[in-house]
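Architecture at a glance
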Amino acid sequence: MLDIKFVRAYPEKVQEALKKRGYEINFEAFLDLERERLILLRDIEQKRALRNSVSQEIAQLKKEERLEEIEKLRIQMRQLGEDLAFCEEKLREIEEKVQNFMLLLPNIPHESVPLGKDENENVEVRRWGKPREFDFTPLNHWDIGELLGIIDFERASKIAGSRFAVMRGLGARLERALINFMLDHHIKKGYVEIFPPLLVNKASMTGTGQLPKFEEDLFKTLDPEFYLIPTAEVPLTNLHRDEILSEDDLPIYYVSYTPCFRKEAGSHGKDVRGLVRQHQFNKVELVKFVKPEDSYEELERLTEDAEEILQKLGLPYRVVALCTGDLGFGSAKTYDIEVWLPAQGRYREISSCSNFEDFQARRANIRFRRRGKKGTEFVHTLNGSGLAIGRTLVAILENYQQKDGSVIVPEALKPYLPLDVIK
RNA sequence: GGAGAGGUGGCCGAGUGGCUUAAGGCGGCGGUCUUGAAAACCGCUGUAGGGUUACACCCUACCGGGGGUUCAAAUCCCUCCCUCUCCGCCA
């Protein structure tokens with residue numbers, strides 16, 4: 001959420017910034033509501049002040065047993081109370097409208113974010129590794145997986161449906177090896193491992209920005225009502241919801257392996273085959289809580305931490321800075337890491353690292369107090385995949401495949417999967 | 001699923017209708033003392049919104065959420081949520 005005082009004071013600045021993201025927002029109705037809200041608020045507070053002082057007076061008169069005077073004041077105050085109740089109801093309605101408007105405003109992009117209208121205008125920042133030259137036509141990962149008997153899509157669709165996979169034998173072990181390899185890497189870099197609940201409440205989903213705008217992407221349970229997490233970002237960021245941290249607690253680094261659940265509504269026809277787009281997938285996620293002045297430096301380091309996984313695995317990749325039009329709802333700046341997939345002949349997203357600045361912190365009410373200073377400030381939150389497990393597995397199968405259909409196990413993974421080849 | 005207890009400021013914890021603008025403690029900040037630190041002592045210290053150039057001052061709200069009774073609610077009533085304990089069931 002944006003700072004309402006800022007939006008109120010500089011609506012044209014906010015409008016202009018959001019235009020860069022492709023949002024055309026009219027602030028007139030909002031500004032009218034805000035004006036009305038403040039007038040009403042002042043009126044209500046004055047009435048409350050009057051009631052409070054008269055109540056004090058009544059207490060005093062009661063001691064002196066001046067009953068007729070009390071009765072007179074009571075009648076007046078009953079009248080005021082009814083008036084107040086009416087005004088308060090009206091204020092509630094206005095506040096709800098204002099709140100709904102604010103919750104639907106996306107974050108303002110950082111000044112360093114390239115201008116652009118969609119993913120075609122993202123800017124490549126750097127490349128690592130050289131795509132391997134094949135002396136045969138590389139297979140798709142789903143063909144490799146089926147040939148090796150390590151991924152079973154057919155039975156997955158029988159027991160669950162489309163966009164699910166069964167990992168079998170060495171496929172399951174490879175998945176597990178990748179999880180442990182990534183977790184250990186990040187723990188060494190100073191992240192604290194968390195294993196959180198995979199079902200969360202509505203307040204948590206609102207805190208990180210999935211709700212109210214993206215309800216249709218989420219799986220939900222009935223009775224009792226819970227949401228399945230679409231990413232560990234949700235429980236991790238909400239760990240400190242409604243907390244006031246001390247300056248000495250920061251920065252906080254968390255790493256977490258969790259399954260993630262997404263409806264993938266609106267992606268019909270995209271990536272229908274293979275592991276790239278699933279309703280359930282595993283991911284290792286990084287989340288940081290930092291002081292505002294450090295957040296852009298922390299974004300660079302978080303992105304590097306994710307990149308190092310690909311470097312260790314010897315998988316070629318590139319880093320792109322998302323342009324204003326492709327930026328996620330709550331993000332002020334995002335780097336995507338894209339891994340090379342030889343069968344598709346292109347780079348595909350495997351990680352997305354974002355600085356939310358105080359956007360999530362304001363929604364989730366995550367603050368900190370500076371040593372020796374009065375008052376509180378919102379922390380900055382960041383997160384990034386480090387990495388998506390399924391897509392990493394795809395990249396390994398495709399990049400390390402051999403002519404005979406077997407797949408070489410990358411050196412860095414051998415402590416976790418003590419084999420030379422998967423065959 | 002059944003029975004019971006409880007949710008109060010950064011933390012602990014008192015408070016059952018009006019001198020509560022929430023006692024007291026811990027923590028934090030400042031000071032005295034000290035070569036320095038600790039201890040001791042003294043003072044200050046909740047969050048948010050509005051009025052304001054102003055974290056000076058004034059007002060309002062906030063004691064799990066929502067609603068109600070009342071001139072007045074942390075306190076009484078209703079309702080929902082959450083936590084803990086015991087029993088039952090269970091990986």
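Coordinates for the structure precede this section.
A quick note: this is a predicted structure, and the numbers were derived from the prediction, not measured.

1. Description of the packing of aromatic side chains
Aromatic ring pairs are described here by two measures, namely the spacing of the ring centres and the angle between the planes. Taken as a whole, this structure holds 13 aromatic pairs when the rule is applied. Measuring from ring centre to ring centre gives 5.5 Å for Phe214 and Phe329, while their planes differ by 80 degrees; the resulting arrangement is edge-to-face. A residue pair is termed long-range when its members are at least 10 positions apart, and Phe214 in the loop between helix 8 (202-208) and strand 6 (220-221) and Phe329 in the loop between strand 11 (317-321) and strand 12 (333-341) qualify at 115 residues. Taking relative accessible area as the criterion, Phe329 reaches 9% and is therefore assigned buried. Members of the aromatic cluster, each reached through a chain of ring pairs, are Phe27, Phe30 and Phe101. Here the guanidinium or amino end of Lys13 rests over the ring plane of Tyr10, the centre of that ring lying 4.4 Å away. Across from the ring centre of Tyr253, 4.5 Å away, lies the NZ or CZ of Lys288, which sits over that ring.

2. Some remarks on the protein's contact with RNA strand B
Neighbouring residues of RNA strand B: 26 residues in total, closest Arg8, Glu45, Arg78, Arg369 and Thr376. Looking at RNA strand B alone, sugar and phosphate atoms form 74% of those within 4 Å of the protein. Here a phosphate oxygen of RNA strand B sits 2.7 Å away from a polar atom, N or O, in the side chain of Arg78. Looking at the surface near RNA strand B, the elements with two or more residues in it are helix 1 (4-9), helix 3 (28-63), helix 4 (67-103) and strand 14 (366-369). Looking at the surface near RNA strand B, the element that brings in the most residues is helix 3, giving 13 residues. Tallied by class, the residues present in the surface near RNA strand B amount to seven nonpolar, five polar and 14 charged.

Conventions used here
- Residues numbered from 1 in each chain as written.
- Chains lettered and ligands numbered in written order.
- Predicted model: local features only at pLDDT ≥ 70, side-chain atom pairs only at ≥ 80, totals over all residues.
- Heavy atoms only, no water.
- Phe/Tyr/Trp six-rings, centres within 6.5 Å; stacked < 30°, edge-to-face > 60°.
- Helix = DSSP H or I, 4+ residues; strand = E, 2+ residues; numbered from the N terminus.
- Buried < 20%, exposed > 50% of the residue type's maximum accessible area, 1.4 Å probe, protein only.
- Lys NZ or Arg CZ within 6 Å of the ring centre and 35° of its normal.
- Near = heavy atom within 4 Å.
- Polar contact = N/O pair within 3.5 Å; in protein donor to acceptor, adjacent residues only side chain to side chain.
- Nonpolar A, V, L, I, M, F, W, Y, C, P; charged D, E, K, R; others polar.

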